[in-house]
Amino acid sequence: MSVLTRAFSEVFSDQPYSASRNFLISGIFWLVLGTTLGLLAASLMTWPDMIRGIPQLSFGRVRPAHINMVTIGWLSMGYIGCFYYILPVLVGRKGVWNERLANITMVIWNLLVFFGVWSLLNGYTEAREYAELEAPFDIVALAGLILVGINGYMTVLSGPEKKWYVSVWYILGAMFWFPVVYIIGQRVFFAMEGLNDAIANWFYGHNILGMWFTVGGIGILYYLMPRFTGNPLYSHTLSMLGFWTIAMFYAPTGTHHILQSPVPEWLKAIAVISSVFLLVPVLTVLTNFFMTMKGKWSLAADHIPLRFALAAGVAYLLTCIQGPFQATRFINWYLHFSNWVVGHAHMALLATFSFIVFSATYYIIPKVTGRKIYSKRLAVWHFWLSLYGWIIMMLALTIAGLIQAAGWHFAIPYDQWVIEMHPYMIVRTLSGVMIVLGQILFMFNIYHTVFSKEFEPAPHSPTGIAFV
Ligand code: HEM
């Protein structure tokens, strides 16, 4: 069989779990490209004259390209790859309802990321943060999400197991809510103007995090933690309380991104109050997470997927302390428009949600390919480079943000505080080098595991500890 025919049959395969594998390996490809674009954006902030005369590589275009590639390309594809493994396993099926349809969706999604980012780099944008893609791409993304949802729901409904474990609830919730958030926030079928548009924009901007990445990510963690530790999930009641309170409190929080704008006061009040109330679901998740670890902490010394999951849990805790804190009126007024917020965004999307997918990938790839992860050493390097890279980035952005905020509020001339921030921008760029390097090792390790002709079969290891 020629390479092309083999690639074609792999891509449109109806083999159980092939879509899970294909979504995961596509996501990792976009992760490497997306973080490289982030590194380029960071370098442009540090050395603004580094590239001249190539509009495609100017900061204003690279920034949205980076964000869309890591959110729609990496994280969303990674999540779907995990969902398409976890759902069938939990409902007692072999593979999703329609594996070929899932693989076709995967191809559509890859084309969306490729052409979407190409269009952003070429200056086609709606100029709405997180929602930059133009209308035709929105239609394709929505169609993709509906296909993902149909396959997810049909998998669960056609499975023999009728008693749903909590992860099924969370994953089905994420698959239902994200298309709804997309239709409203991206204004897919209607137009809006002025402030209404800004409100809808941030309904999308915050709920892609809340109703997609958070809900889906918790669903993945609730699946992984009992497996990694061998302990049952600490409390199903808490997990269901978390599920419904997320649905209640997340939806109206988006306006906390535009508290300094003339949005109606009642909407701002609801956004701030519900942001603080988010501590309720957060506490349910974290109690469950850390109590499920009871007596099993020592496993983390040797269990790389568990290490990623634990780091994600700690980052989630920090993100959710920082989030309500900076959503309150005075703090928000002080920190808004500063690098502090960018630090917060990376704590959520890199250190929490990406680490969840890293953890799941090291567990799922051996399950769906029957191959042991190629190199433990590379996985360990991936962990430390990503972790230290993120910590350094976070510190640099937080300090730079405080300098910047002081600069705005004490009317210090712009050129003075920009110079003060320069060393921190250099450090942030260096942290980016570490993170990108970590992701290249990750890609090499996983691709070698999946595609290499020589491989070690995955040992029997329900907890996944022997995989890496
Ligand atoms: C999986 C990894 C990553 C994810 C999920 C991610 C996500 C994001 C998000 C959501 C934003 C928007 C922040 C905001 O609106 O406040 C952003 C902005 C940005 N990211 Fe990343 N990022 C990742 C990795 C990186 C890396 C490795 C670098 C390199 C240093 C980087 C550099 C940047 C820069 C320079 C911006 C623009 C900040 C600004 O406008 O001031 N990112 N990223």
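Counting restarts for each chain, with residues numbered from 1 along the sequence as it is written. In keeping with the model being predicted, local features are shown solely for residues with a pLDDT of at least 70 and side-chain atom pairs are shown and tallied solely at 80 or more, while totals for entire chains, interfaces and linings include all residues.

**Student:** It is not clear to me how the overall build of the protein chain should be interpreted in this structure. Could you clarify?
**Tutor:** Helices and strands together make up the secondary structure of the protein chain, namely 15 helices and zero strands. For the radius of gyration, the atom set is restricted to C-alpha positions; the globular benchmark scales as 2.2 Å times the number of residues to the power 0.38. A compact globule built from 468 residues should have a C-alpha radius of gyration of about 23 Å, and the protein chain, at 22 Å, falls within 12% of that. C-alpha atoms of the protein chain, sized along the principal axes, occupy 65 × 50 × 50 Å. To sort residues by exposure, count the other C-beta atoms lying within 10 Å of each residue's C-beta; 20 or more gives buried, 12 or fewer gives exposed, and values between give partly exposed, all with C-beta atoms placed from the backbone. Counting over 468 residues, the protein chain shows a buried share of 50%. Whether two residues are in contact is decided by their C-beta atoms, placed from the backbone, lying within 7 Å. Nonlocal contacts in the protein chain, meaning residues at least 24 apart in sequence, comprise 83% of its contacts between residues at least 6 apart. Helix and strand definitions follow DSSP, with helices as H or I runs of at least four residues and strands as E runs of at least two, each counted in order from the N terminus.

**Student:** Help me understand the nonpolar core in this model?
**Tutor:** Proteins that are soluble and globular tend to have nonpolar side chains buried together. In plain words, the nonpolar core is the set of buried Ala, Val, Leu, Ile, Met, Phe, Trp, Tyr and Cys residues that C-beta atoms within 7 Å link up. Counting 141 residues, the largest nonpolar core has Ile-86 and Ala-309 as its most contacted members. A domain assignment, automatic or from a database, supplies the domain bounds used here. Viewed by domain, this core spans two of them, domain 1 (18-163) and domain 2 (335-468), each represented by three or more residues. Apart from residues no more than four positions distant in its own chain, Ile-86 is found in contact with Ser-167, Ile-171, Ile-220 and Tyr-223.

**Student:** I'm lost on the domain arrangement of the protein chain in this one. Help?
**Tutor:** You'll often see interface size given as the accessible area lost when the parts meet. Assigned domains within the protein chain: domain 1 (18-163) and domain 2 (335-468). Taking the mean C-alpha position of each, domain 1 and domain 2 sit 18 Å from one another. With 22 residues of domain 1 at the contact, the number on the domain 2 side is 26 residues. Among the secondary structure elements, those contributing two or more residues to the side of domain 1 that touches domain 2 are helix H2 (18-46) and helix H3 (59-91). With 16 residues, H2 is the largest single contributor of residues to the side of domain 1 that touches domain 2. Basically, the charged four are Asp, Glu, Lys and Arg, the nonpolar ten are Ala, Val, Leu, Ile, Met, Phe, Trp, Tyr, Cys and Pro, and anything else, Gly included, counts as polar. Considered class by class, the residues forming the side of domain 1 that touches domain 2 number 14 nonpolar, seven polar and one charged.

**Student:** Honestly, the site of the ligand in this entry has me stumped. Any pointers?
**Tutor:** Near the ligand you find 24 residues, and of these Gly-38, Ala-42, Ala-345, Leu-349 and Gly-432 are the closest. Every element with two or more residues in the shell around the ligand is listed here: H2, H3, helix H13 (339-369) and helix H15 (414-451). Classifying every residue of the shell around the ligand gives 15 nonpolar, seven polar and two charged. Each of two domains, domain 1 (18-163) and domain 2 (335-468), supplies a minimum of three residues to the shell around the ligand. Put plainly, near means the residue's C-beta atom, positioned from the backbone, lies within 6 Å of the molecule or strand in question.

**Student:** What should I look at first to understand unusual backbone geometry in this one?
**Tutor:** The phi torsion of most residues other than glycine is negative, and most of the peptide bonds are trans. For Ala-127, which is not glycine, the phi dihedral falls at a positive 55°. Within the fold, Ala-127 resides in the loop between helix H4 (99-121) and helix H5 (135-158). The backbone of Arg-187 shows a phi angle near 50°, a positive value even though the residue is not glycine. You can see Arg-187 is positioned in the loop between helix H6 (166-185) and helix H7 (194-229). What makes Arg-187 buried here is the crowd of 20 C-beta atoms within 10 Å.

**Student:** What exactly am I supposed to notice about the environment of Phe-137 here?
**Tutor:** Following the sequence through the fold, Phe-137 ends up in helix H5. Separated by 69 residues in the primary sequence, Phe-137 and Asn-68 have C-alpha atoms spaced 12 Å apart.

**Student:** In this structure, what is going on with the packing of H3 against H6? I would like to understand it.
**Tutor:** Working convention: axes come from line fits to C-alpha atoms, limited for helices to the stretch in contact. Angles between N-to-C directions cover 0 to 180 degrees. Between H3 and H6, whose axes approach to 10 Å, the crossing angle comes to 135°. It follows that H3 is oblique to H6 by the angle criterion. Note on packing geometry: the crossing formed by H3 with H6 is left-handed. Side by side, H3 and H6 meet where Phe-83, Ile-86, Leu-87, Leu-90 and Val-91 of the first sit next to Ser-167, Val-168 and Ile-171 of the second. Here the contact of H3 with H6 is built from residues that sort into seven nonpolar, one polar and no charged. Here the angle decides the label: under 35 degrees means roughly parallel, over 145 means roughly antiparallel, 65 to 115 means roughly perpendicular, and every other value means oblique. In this scheme the handedness of a crossing depends on how the near helix is turned from the far one: anticlockwise by less than a right angle means left-handed, clockwise means right-handed.

**Student:** What's the story with H15 in this structure? I'm lost.
**Tutor:** Multiplying one less than the number of residues by 1.5 Å gives the expected span of a helix. Counted at 1.5 Å a residue, the expected span for H15 with its 38 residues is 56 Å, and the 52 Å between its end C-alpha atoms agrees. Bend at a residue means the angle formed by two fitted axes: the first through the 7 residues ending at that position, the second through the 7 residues beginning there. In H15, a bend of some 35° at His-422 exceeds every other bend along the element, and Pro-423, a proline, comes one to four places later.

**Student:** Got a minute to help me understand the environment of Val-380 in this structure?
**Tutor:** Inspection of the secondary structure puts Val-380 in helix H14 (residues 376-409). Note on Val-380: 14 C-beta atoms within 10 Å, which makes it partly exposed. Considering only alpha carbons, one finds Val-380 and Ala-127, 253 residues apart in sequence, at a separation of 39 Å.

**Student:** I tried to follow the packing of H5 against H6 on my own but got confused; where do I start?
**Tutor:** To describe two helices that pack against each other, one gives the angle between their axes and the distance between the axes. Contact pair H5 / H6: the axes reach a minimum separation of 10 Å and the direction vectors enclose 155°. On the basis of their axis angle, the class for H5 and H6 is roughly antiparallel. Note that H5 runs across H6; the crossing there is left-handed. Residues Ala-141, Leu-142, Leu-145, Ile-146, Val-148, Gly-149, Gly-152, Tyr-153 and Val-156 of H5 lie in contact with H6, whose contacting residues are Val-168, Ile-171, Leu-172, Met-175, Phe-176, Phe-178, Pro-179, Tyr-182 and Ile-183. Looking at side-chain class alone, the contact of H5 with H6 contains 16 nonpolar, two polar and no charged residues.

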